[in-house]
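# Inside the fold
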Amino acid sequence: MVIVLQRRADIVSAVIDSAEPQIVGDLATFVATHERNKPRWVWDDTARWYPELLAARVRVERCFDLRLCHTILRNSSLTADSSLARAPRGGWDAPAPLEVPVRESGALFDLDDAAQSPTELDAVSEFELQSSAVAESAEPGRIGRLLAAESAGALIATEMQFAGLPWREDEHDAILSRILGPRPAAGERPEYMRRLLMEVREALEAPELNPDSPADLLKALGQVGLQVTSTRSWELKQLEHPAIAPLLEYKKLSRLLSANGWHWLDTWVADGRFRPDYVPGGVVTGRWATSGGGALQLPKQIRGAVVADDGWMLVVADAAQLEPRILAALAGDKGMVAAGAAGDLYAGIVASGAVETRDQAKVAMLGAMYGATTGESGRLMPRLAKAYPLAIGMVEDAARAGERGEIVTTRLGRSSPPGRGQAYDESASAAEVARARNSARAWGRFTRNFIVHGSWGTIAPMNEATAVS
């Protein structure tokens with residue numbers, strides 16, 4: 001059973017298995033009644049429909065998120081000849097309403113400001129168009145599984161946001177006070193940062209220095225003979241001067257304060273719950289993002305504030321070495337699969353004789369997937385390619401395709417944006433040719449990784465703590 005829900009103004013209508021539309025009275029009651037038959041609910045945006053149902057204690061097992069699926073079908077090589085893919089851009093290509101769009105560098109879409117509002121979009125017609133695109137594709141089973149997984153991810157994201165992560169505000173405050181000093185007045189630096197700042201100013205003989213201003217800091221460093229091109233920590237660590245140690249510590253504390261300090265606590269935590277806005281398909285690989293809160297990268301320093309509620313416990317899982325394992329499976333490389341069978345894939349690579357140490361195995365494997373093929377990684381790459389020709393060959397082929405400006409597609413049908421290729425002609429200067437080649441190689445590094453990241457982008461974010469009874 002397929003039920004398409006449509007909201008126009010304050011009126012909700014439903015189309016059940018292509019029958020005539022019917023007006024829905026109480027949405028939660030309607031959904032709860034029909035959910036017993038295990039239908040697939042079709043709607044424009046899960047984030048617009050599902051919170052209302054969850055608030056009424058109604059959960060659904062399956063849905064079809066038209067906006068997320070539209071993006072996949074619009075860009076997949078498997079549906080490139082469909083009417084949907086060839087149609088002019090419109091409202092379904094716009095970001096979800098009431099949502100802060102999250103973009104990667106080199107965003108896939110430039111959205112039309114004149115796009116239709118959600119109330120003007122026809123969910124029934126769009127579902128028919130998407131169904132036709134899937135049915136007419138060369139491999140409907142592949143792309144159909146991807147759309148189902150993407151839509152399931154949307155349900156999970158909304159449920160995670162609704163439930164929230166248990167968070168002890170008093171413990172978070174205690175952690176910050178222990179590391180930074182007591183909570184300061186608005187606009188002031190915490191005590192320990194002020195102390196470090198005094199040390200830096202004294203060492204650099206700059207009593208008015210603002211270390212949070214890169215321009216001011218570069219100037220102060222230059223005045224004492226420390227010539228650097230940036231204020232990044234890795235570059236400062238190369239210097240020897242009494243100001244460097246307190247400066248690096250100041251920068252470390254400053255990052256904590258700005259990313260997860262008291263303002264973050266006041267903004268994102270309420271009633272003992274951290275509720276970030278998860279965004280499935282938030283980047284072009286299909287991986288999740290958040291429109292705020294930084295939930296996917298909570299630093300270790302503050303994780304102690306995550307405390308299970310009474311009667312519950314936290315189960316923390318880490319999918320170790322997930323990416324190389326996925327690559328081994330995608331490529332059908334039995335040698336690499338066997339290397340990971342004992343648990344530690346990198347140790348298995350060493351045992352196979354491909355490299356001598358676990359560190360070498362990790363460097364070489366990450367280099368193969370991310371394109372770091374110079375230095376130590378480049379030296380080890382031929383040995384890795386000889387031991388695991390199918391896996392390494394797969395990412396190498398994807399990289400070469402990207403360099404030529406071609407699209408690469410994952411196993412289930414998610415496709416990369418078109419690349420730039422080597423866009424130069426015989427009249428181009430040497431500098432222009434070099435820039436074009438560098439650009440092509442950079443895009444090749446992206447497509448090299450895309451076939452792996454894009455294959456598991458619909459999976460819920462890793463390293464999330466899950467509460468269980």
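Our subject is the structure that appears above.
Each chain has its residues counted from 1, following the order in which its sequence is written. Confidence filtering applies because this is a predicted model: local features only for residues at pLDDT of at least 70, side-chain atom pairs given and counted only at 80 or more, and all residues used for totals across whole chains, interfaces and linings. Water and hydrogen atoms play no part in the side-chain values, which are based on all heavy atoms of the structure.

## A few points about the pairing of strand 1 (residues 2–8)
Strand pairing follows a simple DSSP-based rule, namely that at least 2 bridges must link the two strands. Helix and strand assignments come from DSSP, with helices taken as H or I runs of at least 4 residues and strands as E runs of at least 2, each series counted from the N terminus. The sheet contact formed by strand 1 and strand 4 (residues 40–43) spans three bridges and is parallel. Each bridged residue has a counterpart across the sheet, and for V4 the counterpart in strand 4 is V42. The pairing of strand 1 with strand 2 (residues 11–16) spans six bridges and is classified as antiparallel. Bridge pairing links V4 to V15 in strand 2. Between strand 1 and strand 2, which pair antiparallel in sequence order, lie two residues; one of them, A9, sits at a positive phi of approximately 60°.

## Re the side chain of E126
With respect to the element layout, E126 can be found in helix 5 (residues 123–135). Only protein chains enter the accessibility calculation, which uses a 1.4 Å probe. A residue is then buried if its area is under 20% of the maximum for its type, exposed if over 50%, and partly exposed in between. The charge count includes Lys and Arg as positive and Asp and Glu as negative, but it does not include His or the ends of the chains. Any carboxyl oxygen of Asp or Glu within 4 Å of a side-chain nitrogen of Lys or Arg constitutes a salt bridge here. For the buried E126, no salt bridge is present, and the opposite-charge side chain at shortest range is R74, 8.0 Å distant. A polar side-chain atom of E126 sits 2.7 Å from a polar atom in the side chain of Q130. Here, residues are in contact when the closest pair of their heavy atoms is within 4.5 Å. Sequence-distant contacts of E126, that is, excluding residues within four places in its chain, are made with L66, H70, L84 and W92. Polar contacts, as counted here, are pairs of nitrogen or oxygen atoms within 3.5 Å of one another; within protein the pair requires one atom able to donate a hydrogen and one able to accept it, and residues that are adjacent in sequence qualify only if both atoms are side-chain atoms.

## Considering the packing of helix 8 (residues 191–204) against helix 11 (residues 244–260)
Helix axes are fitted to C-alpha atoms over the stretch in contact, other axes to C-alpha atoms as well, and angles between N-to-C directions run from 0 to 180 degrees. Here helix 8 crosses helix 11 at 150°, and the two axes come no closer than 9 Å. Classed by the angle they form, the pair helix 8 and helix 11 counts as roughly antiparallel. The chirality of how helix 8 crosses helix 11 is left-handed. Packed against helix 8, whose contacting residues are Y192, M193, L196, L197, E199 and V200, the element helix 11 presents P246, L247, E249, Y250, L253, S254 and L257 at the interface. Only Asp, Glu, Lys and Arg are considered charged, only Ala, Val, Leu, Ile, Met, Phe, Trp, Tyr, Cys and Pro nonpolar, and every remaining residue, Gly among them, polar. Residue composition of the contact of helix 8 with helix 11, grouped by class: ten nonpolar, one polar and two charged. Angular relationships are summarised with four words: roughly parallel below 35 degrees, roughly antiparallel beyond 145, roughly perpendicular across 65 to 115, and oblique for the angles in between. Left-handed is the label given to a crossing in which the near helix is rotated counterclockwise from the far helix by less than a right angle, and right-handed is the label when the rotation is clockwise.

## What about the nonpolar core?
Among the nonpolar cores identified, the biggest contains 34 residues, and I349, M365, L384 and Y388 are the most heavily contacted of them. Mapped onto this core, the elements with two or more residues apiece are helix 13 (322–331), helix 14 (334–339), helix 15 (345–351), helix 16 (358–370), helix 17 (375–387), helix 18 (389–403) and helix 19 (430–453). Apart from residues no more than four positions distant in its own chain, M365 is found in contact with P324, L327, M336, Y346, I349, L384 and I392. Take the buried residues of types Ala, Val, Leu, Ile, Met, Phe, Trp, Tyr and Cys, join any two whose side-chain atoms come within 4.5 Å, and each joined set is a nonpolar core. With 24 residues, the next largest nonpolar core counts A157, L197, F274 and A305 among its residues.

## So, helix 7 (residues 169–180)
In this model helix 7 runs 16 Å from its N-terminal to its C-terminal C-alpha over twelve residues, within 8% of the 16 Å that 1.5 Å per residue would give. Taken together, the buried positions of helix 7 are occupied by H172, I175, L176 and L180. Burial along helix 7 is one-sided: seen end-on, the buried residues are contained in an arc of 100°. Close packing links the buried residues of helix 7 with helix 8, helix 11 and helix 12 (262–268). Directly after helix 7, the chain includes G181, whose backbone phi takes a positive value near 105°. Between the first and last residue of a helix there are one fewer steps than residues, each counted as 1.5 Å, and that sum is the expected span. This arc corresponds to the set of directions leading from the helix axis out to the C-beta atoms.

## What to know about the sheet that holds strand 6 (residues 165–166)
Reading across from one edge, 6-8-7 is the order of the three strands in this open sheet, with antiparallel pairing throughout. Looking at which strands have only one partner, the edges of the open sheet turn out to be strand 6 and strand 7 (269–270). Bridge analysis of strand 7 against strand 8 (residues 273–274) gives two bridges, and the strand direction is antiparallel. Note that in strand 8 the partner of V269 across the bridge is F274.

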